[in-house]
2 protein chains.
Amino acid sequence: MANENEITETAVAVGSRMSGDERRSQILLIAIKLFSQKGFSASTTKEIARLAGISEAMVFRHFATKSELYHAILDYKACEGGTKNPPWTNPVLKRAIEDKDDYAVFYNFALGALLHHKEDVDFMRLLFYAALDEHELSQMFFDQFVSRIYDFIGSYIRQRQADGAIREVEPRVVVRAFLGMLIHHSLNNILWDKKRRLLDVTDEEAAKNFTEILLKGVLKEKQQ
Amino acid sequence: MANENEITETAVAVGSRMSGDERRSQILLIAIKLFSQKGFSASTTKEIARLAGISEAMVFRHFATKSELYHAILDYKACEGGTKNPPWTNPVLKRAIEDKDDYAVFYNFALGALLHHKEDVDFMRLLFYAALDEHELSQMFFDQFVSRIYDFIGSYIRQRQADGAIREVEPRVVVRAFLGMLIHHSLNNILWDKKRRLLDVTDEEAAKNFTEILLKGVLKEKQQ
DNA sequence: GTCTATATAGCGATAGAC
DNA sequence: GTCTATCGCTATATAGAC
């Protein structure tokens, strides 16, 4: 691969004797970084060991197989990383929904998503690798998280349609359009824009613009 | 990996003696399929050889290294596959632009993109793998194709803003929003929707809905 | 052009001492 | 909990016969 970069920074202290649990999470964190950078097959247990400052045998003492390590990562990330603070528990968003403040609903959702993506680039990369590899994590995350997003935003849209505020469009199409803007934007930031910046906007500006486009796009004209 | 499927279908006749060029393209096509399904590292020259019905040594006669094979694929795909019939040569689209028929411009662009994605799933997967691996193809495709799309649609938007038809938004943000809907939708179709279908619409419906959302979202109200 | 056979290296994983 | 040493396997890549 073109990327010959090394991981130089490690969140956990390297080497030195540590307890089983400490060591286990250290290995986990390093493996997350490595797998998210190079994918599963291109990552080696040897390099994980080297980065952790321990021998390969130690890696296999904590995780019987490389595959088990992968699963542990995915479990860890899917439970802790990906679905922590989901939108449906966000108080600001809940309030906006109660108030039927359409702009606040979509803007806060958008900004939250963009910040979350930026904060957990590793997880996004891991998730895309898993999706391409057709790994079960992908489906797991999808069922546990993405499909709920569709229900969550979709039901708000349906409600606002009943109010006569939003025109008749299939709610799921609207969700896909909105998520498309957000996820595609984050993906661009992660994968390409670092080198050639096609678009240089703050997360707030992006959230504002996307929200405006979507809302004007779906609200009935008289409402605007 | 979870995907244990085999490639059973091959576009090119397997085995039997063939000319150098024939054999070369056969290997290329098989490798494209394999790399796009499993990524670079997880694909083996042995399997390529097996699928082609030849020995591994033959693969290395045509491509000195596995990496060279990868490059050949990317050159081939980037020149022939990805950028064949780009939107800016589409006569229907050109006509719509001349006529300043906003709906036709965005609808035809959208439908063209969705059909193209569906037609060349292998290339999309290859491109995403390459992007994650930070392979140069990714940047190449980006510079040769994506950035031109931004210029192409962006300049149309700018023109319509000068006409007073489209409200003041950064054109590149609008492009990103629209491409986001389209690419994200295709990505969903490819990666997840095959198992759990969140959204079941024809390409025409999707193109229509996305176009309507975008246009209502950016046109000045009086224009609608 | 195609093969068999082989070189070489690195992989995941294990054994056994400390 | 950690190491060194090593196994068995598979990977890429090459040599040389047909």
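Data block above holds the structure.
Reading guide: rules and limits
- Residues numbered from 1 in each chain as written.
- Chains lettered and ligands numbered in written order.
- Predicted model: local features only at pLDDT ≥ 70, side-chain atom pairs only at ≥ 80, totals over all residues.
- Heavy atoms only, no water.
- Helix = DSSP H or I, 4+ residues; strand = E, 2+ residues; numbered from the N terminus.
- Buried < 20%, exposed > 50% of the residue type's maximum accessible area, 1.4 Å probe, protein only.
- Areas by Shrake-Rupley, 256 points an atom, 1.4 Å probe, with all protein chains shown as cover.
- Least-squares fit on C-alpha atoms with pLDDT ≥ 70 in both.
- Contact = heavy atoms within 4.5 Å.
- Buried area = accessible area lost by both parts, 1.4 Å probe.
- Salt bridge = Lys/Arg side-chain N within 4 Å of Asp/Glu carboxyl O.
- Near = heavy atom within 4 Å.
- Polar contact = N/O pair within 3.5 Å; in protein donor to acceptor, adjacent residues only side chain to side chain.
- Nonpolar A, V, L, I, M, F, W, Y, C, P; charged D, E, K, R; others polar.
- Axes fitted to C-alpha atoms, helices over the stretch in contact; angles between N-to-C directions.
- Parallel < 35°, antiparallel > 145°, perpendicular 65-115°, else oblique.
- Left-handed = near helix turned anticlockwise from the far one by under 90°.
- Phe/Tyr/Trp six-rings, centres within 6.5 Å; stacked < 30°, edge-to-face > 60°.
- 1 Å grid on protein atoms, 1.4 Å probe; cavity = no way out; pocket = protein on both sides within 12 Å on 5 of 7 lines; lining within 4 Å.
- Points joined across faces, edges and corners; volume = space filled by probe spheres on them.

> Where do I start with the overall build of chain A in this structure?
Helix and strand content of chain A: 10 helices and 0 strands. Order of helices (α) and strands (β) in chain A, N terminus to C terminus: α-α-α-α-α-α-α-α-α-α. On the principal axes, the C-alpha backbone points of chain A span a range of 70 × 35 × 30 Å. Taking all 224 residues of chain A together, 55% fall into the buried category. Surface summary for chain A: the accessible area is close to 10,200 Å², and the carbon and sulfur share equals 50%.

> What's the story with unusual backbone geometry in this structure? I'm lost.
Trans peptide bonds make up the majority, and among non-glycine residues the majority have a negative phi. Here Lys100(A), not a glycine, exhibits a phi torsion of approximately 55°, which is positive. Of note, Lys100(A) is situated in the loop between α5 (91–98) and α6 (102–119).

> So what exactly am I meant to see when it comes to the relation of the copies chain B and chain A here?
Under the fitted operation, chain B is carried onto chain A by 0.0 Å of movement along the axis and a turn of 180°, and the coordinates agree to an RMSD of 0.1 Å. Here the copies are linked by what is in effect a two-fold axis. Judged by C-alpha distance, Gly217(B) is the residue of chain B that lies nearest the rotation axis, at 2.0 Å. Here 100% of the contact residues of chain B are again contact residues in chain A; the copies associate through an equivalent surface.

> Can you walk me through the interface of chain B and chain A in this structure?
Many descriptions give the size of an interface as the accessible area lost when the pieces come together. Contact residues are listed per partner, giving 60 residues for chain B and 60 residues for chain A. Overall, the association of chain B and chain A removes approximately 5,600 Å² of surface from exposure, summing both partners, and the carbon and sulfur fraction of that is 66%. One can count 6 salt bridges joining chain B with chain A. Across the salt bridge formed by Asp143(A) and Arg196(B), the nearest N and O atoms sit 2.9 Å from each other.

> Explain the protein's contact with DNA strand D to me, please; I cannot follow it from the model alone.
The local shell around DNA strand D holds 23 residues, among which Gly20(A), Ser55(A), Arg61(A), Thr45(B) and Lys66(B) are the closest. Here the atoms of DNA strand D within 4 Å of the protein split so that 59% fall in sugar or phosphate, with bases taking the remainder. In this structure, Ser43(B) approaches DNA strand D through a main-chain N or O atom, which is 3.4 Å from a phosphate oxygen. Take Lys66(B): an N or O atom from its main chain is 2.7 Å from a phosphate oxygen of DNA strand D. Secondary-structure elements contributing two or more residues to the surface near DNA strand D are α1 (20–38) and α3 (56–62) of chain A together with α2 (45–52) and α3 (56–62) of chain B. The leading source of residues in the surface near DNA strand D is α3(B), at 4 residues. Of the residues that constitute the surface near DNA strand D, the class distribution is 7 nonpolar, 9 polar and 7 charged.

> Looking at this model, I keep getting lost on the packing of helix α7 (residues 121–132) of chain B against helix α9 (residues 171–191) of chain B. Mind explaining?
The description of two helices packed together rests on the angle between their axes and the distance between the axes. All names here are of chain B. Relative orientation of the contacting elements α7 and α9 amounts to 100°, with a least axis distance of 11 Å. Judged by the angle between their axes, α7 and α9 are roughly perpendicular. Here α7 contributes Val121, Met124, Arg125 and Phe128 to the contact with α9, which in turn contributes Ile183, Ser186, Leu187, Ile190 and Leu191. When grouped by side-chain class, the residues that make up the contact of α7 with α9 number 7 nonpolar, 1 polar and 1 charged.

> Explain the packing of α7(B) against helix α8 (residues 136–162) of chain B here, please?
Residue and element names in this part refer to chain B. The contact between α7 and α8 brings their axes to 7 Å, and the two run at 115°. For the pair α7 and α8, the crossing hand works out as left-handed. On α8, the residues touching Phe123, Leu127, Ala130 and Ala131 of α7 are Leu137, Ser138 and Phe141. For the contact of α7 with α8, the class distribution of residues is 6 nonpolar, 1 polar and no charged.

> Teacher, can you tell me more about the protein's contact with DNA strand C here?
Around DNA strand C, a shell composed of 19 residues is seen, among which Thr45(A), Lys66(A), Arg17(B), Gly20(B) and Arg61(B) lie nearest. Among all atoms of DNA strand C positioned within 4 Å of the protein, those belonging to sugar or phosphate total 60%. Residue Ser43(A) places a main-chain N or O atom 3.4 Å away from a phosphate oxygen belonging to DNA strand C. One of the side-chain nitrogen or oxygen atoms of Thr45(A) is found 2.7 Å away from a phosphate oxygen of DNA strand C. Broken down by secondary-structure element, the contributors of at least two residues to the surface near DNA strand C are α2 (45–52) and α3 of chain A together with α1 (20–38) and α3 of chain B. Taken together, the residues that form the surface near DNA strand C break down as 6 nonpolar, 7 polar and 6 charged.

> Please clarify how the side chain of Ser36(B) should be interpreted in this entry.
Position of Ser36(B) among the secondary structure elements: in helix α1. Setting aside anything within four residues of it in sequence, one finds Ser36(B) in contact with Ala31(B), Asp122(B), Arg125(B), Leu126(B) and Tyr129(B).

> I tried to follow the packing of aromatic side chains on my own but got confused; where do I start?
Given two aromatic rings, their pairing is described by the distance between the two centres and the angle made by the two planes. Going through the model one piece at a time under the given rule, you end up with 27 aromatic pairs over all chains. Between Trp88(B) and Phe145(B), the aromatic rings sit 5.8 Å apart at their centres with planes inclined by 45°, giving tilted as the arrangement. Of the two residues, Trp88(B) sits in the loop between α4 (66–82) and α5 (91–98) while Phe145(B) sits in helix α8, which places them 57 residues apart along the sequence. For Trp88(B), a relative accessible area of 22% translates into the label partly exposed. Take Phe145(B): its relative accessible area is 14%, and that puts it in the buried class. Three or more aromatic residues link up through ring pairs in this structure, and these residues are Phe128(A), Phe142(A), Trp192(A), Phe128(B), Phe142(B) and Trp192(B).

> Sorry, what's going on with empty space enclosed by the protein here?
Taking a probe equal in size to a water molecule and rolling it over the atoms shows the remaining empty space. For the structure on display, the rule yields 5 cavities of 30 Å³ or more. What the largest cavity holds in volume is close to 90 Å³. As for the largest cavity, its lining consists of 14 residues, and the residues nearest its centre are Lys38(A), Ser41(A), Tyr129(A), Ser41(B) and Tyr129(B). Class assignment of the residues belonging to the lining of the largest cavity gives a composition of 6 nonpolar, 4 polar and 4 charged.

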